[in-house]
Amino acid sequence: MSPDNAPETLPSRRRFLQLSAAVPAAIAAQSLVSTGTLTARADDAPTSTPISKKRPIGIELYSVRGELAKDLPNTLRTIAKMGYEVVEFFSPYFGWTFPYAKDVRAQLDDLGLRCFSTHNGFESLLPGETMSHAVELNQILGSRHIIMGSAPRTTKSADDWKRLCDHLTTAVEELKPHGLSAGFHNHHMEWLPIDGGERVMDILAANTPKEFILQFDVGTCIEAGADPIAWINANPGRIKSVHLKDWAPGDKGSEKGYRVLFGEGVAPWKEIIAALESTGGVEFYLIEQEGSRFPEFETAEKCLATWKTLRAAS
């Protein structure tokens, strides 16, 4: 996901990392008033619909971020009408009050949509008031996966990444009592060797527990020249969710790169999906587009149509 395309009224996932440092004091006041405690548990939240074996198709709402910023209820209605089953909210959701989150949950329920995961800044996975806020919001929404949308910009060396892994390992244990899982969403740079040695993705996989979710952004893997099948097979059961992003050689001016629609790029989707479902442990899929030659809703609809065609043929 490219932060440069996000409108100022709806911060990107990376921009959230700078904004969230000012949030804890406000969170503390709200949490104490609304819950009287900072230890909400999963069994206190509305029951979420179990993830079915048919692996539902969803959308990362960053794909329709402009429409979402203008009108969240209409965005959810439109997405549901298209046939999407799942939505993933990204970092601006963290600024919601608990009553507003409950209203969003009611809208999801009315539309037959489910939210199984959210994208978050670093602070949501650090023990304390910020994590407690993220826990309660995710429980309200019915989510079970708190995914770090991107690493802090200060994470540069191999040692930096290993220290981040220590924090993520702690987050796994902190979230368990609440019925929640921790995870990380990769970008292009994490597929590249660091300090002349290992790839960041391999550092992440080797230094986090097996329960830690490696949310797989396929397009970034393809762009980096990495082998998506090899990655899936090397990490059995850890890829619970996948961003169905495609990629093709070329630049934005020629509507290539990440601007191609799902199915128009060079990703070998049939082989990737087969590996995900036989080995990777995928539970649900998420379309993600950074932009395309079409308006956001039309882009989302065309990608879903291609997905349905692909599934029908398999």
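Procedures and definitions
- Residues numbered from 1 in each chain as written.
- Predicted model: local features only at pLDDT ≥ 70, side-chain atom pairs only at ≥ 80, totals over all residues.
- Heavy atoms only, no water.
- Helix = DSSP H or I, 4+ residues; strand = E, 2+ residues; numbered from the N terminus.
- Buried < 20%, exposed > 50% of the residue type's maximum accessible area, 1.4 Å probe, protein only.
- Contact = heavy atoms within 4.5 Å.
- Phe/Tyr/Trp six-rings, centres within 6.5 Å; stacked < 30°, edge-to-face > 60°.
- Lys NZ or Arg CZ within 6 Å of the ring centre and 35° of its normal.
- Expected span 1.5 Å × (residues − 1).
- Polar contact = N/O pair within 3.5 Å; in protein donor to acceptor, adjacent residues only side chain to side chain.
- Core = buried A, V, L, I, M, F, W, Y, C linked by side-chain atoms within 4.5 Å.
- Arc of directions from axis to C-beta.
- Pairing = 2+ DSSP bridges.
- Axes fitted to C-alpha atoms, helices over the stretch in contact; angles between N-to-C directions.
- Parallel < 35°, antiparallel > 145°, perpendicular 65-115°, else oblique.
- Left-handed = near helix turned anticlockwise from the far one by under 90°.
- Nonpolar A, V, L, I, M, F, W, Y, C, P; charged D, E, K, R; others polar.

Engineer: Quick rundown of the environment of Ala 275? Include the residues and the values.
Structural biologist: With respect to the helices and strands, Ala 275 occurs in helix H11 (residues 269-280). Residue classification places Ala 275 among the buried residues on the basis of a relative accessible area of 7%. Sequence-wise, Ala 275 and Pro 236 are 39 residues apart; in three dimensions their C-alpha atoms are separated by 9.4 Å. The contacts of Ala 275, once residues within four sequence positions are left out, are Ile 229, Ile 232, Asn 233 and Gly 280.

Engineer: Give a description of the packing of aromatic side chains that names residues and reports values.
Structural biologist: Between two aromatic rings, the relevant description is the distance of the centres plus the angle of the planes. Applying the stated criterion across every chain, the model contains 12 aromatic pairs. With a centroid separation of 6.0 Å and 90° between ring planes, the pair formed by Tyr 93 and Trp 96 is classed as edge-to-face. An aromatic cluster is present here, built from Phe 89, Tyr 93, Phe 94, Trp 96 and Tyr 100 joined pairwise through their rings. A cation over a ring is seen here: Arg 65 above Tyr 62, with NZ or CZ 4.0 Å from the ring centre. A cation over an aromatic ring shows up here: Lys 245 above the ring of Tyr 258, its NZ or CZ 4.8 Å from the ring centre.

Engineer: So what's going on with helix H5 (residues 98-111)? Residues and values would help.
Structural biologist: In this model H5 runs 20 Å from its N-terminal to its C-terminal C-alpha over 14 residues, within 8% of the 20 Å that 1.5 Å per residue would give. Listing the buried residues of H5 in full gives Phe 98, Ala 101, Val 104, Arg 105, Gln 107 and Leu 108. Capping the start of H5 is the job of one residue whose side-chain oxygen sits 3.2 Å from the backbone nitrogen of Tyr 100: Thr 97. A positive backbone phi angle near 75° is found at Gly 112, which sits one or two residues after H5.

Engineer: I'd like a description of the nonpolar core, backed by residues and values.
Structural biologist: Tyr 84, Val 87, Phe 89 and Phe 216 are the most contacted members of the largest nonpolar core, which has 84 residues in total. Apart from residues no more than four positions distant in its own chain, Phe 89 is found in contact with Glu 60, Leu 61, Leu 72, Leu 76, Trp 96, Val 104, Leu 108, Cys 115, Ser 117, Thr 118, His 119 and Leu 141.

Engineer: Tell me what's going on with H11, and back it up with residues and numbers.
Structural biologist: If you check H11, its first and last C-alpha atoms are just 14 Å apart, much less than what 12 residues at 1.5 Å a residue would give, namely 16 Å. Residues Trp 269, Ile 272, Ile 273, Ala 275, Leu 276 and Gly 280 constitute the buried set of H11. Projected onto a plane normal to the axis of H11, the buried residues spread over an arc of 160° and lie on a single side. Turned more than 90 degrees away from the buried face of H11 sit Lys 270 and Ser 278, all of them exposed. Of the surrounding secondary structure, the elements contacted by the buried residues of H11 are strand E6 (213-217), helix H9 (218-223), helix H10 (228-234), strand E7 (241-244), strand E8 (284-287) and helix H12 (296-313). Among the residues trailing H11, Gly 281 stands out with phi positive, at a value near 85°.

Engineer: Could you give an account of the sheet that holds E7, with specific residues and numbers?
Structural biologist: Read around the closed barrel, the eight strands follow the order E1-E2-E3-E4-E5-E6-E7-E8; overall the barrel is parallel. On average, each strand axis in the sheet is inclined to that of its neighbour by 25°, with strand direction left out of account. By the bridge criterion, three bridges tie strand E2 (residues 86-89) to strand E3 (residues 114-120) in an arrangement that is parallel. In the sheet register, Glu 88 faces E3, and the bridge partner there is Ser 117.

Engineer: Describe the packing of H5 against helix H6 (residues 129-141), with residues and values.
Structural biologist: At a closest axis distance of 8 Å, the pairing of H5 and H6 adopts a crossing angle of 25°. Of the possible angle classes, the one that applies to H5 and H6 is roughly parallel. The hand of the H5/H6 crossing is right-handed. On H6, the residues touching Phe 98, Ala 101, Lys 102, Val 104, Arg 105 and Leu 108 of H5 are His 133, Glu 136, Leu 137, Gln 139, Ile 140 and Leu 141. Of the residues that constitute the contact of H5 with H6, the class distribution is seven nonpolar, two polar and three charged.

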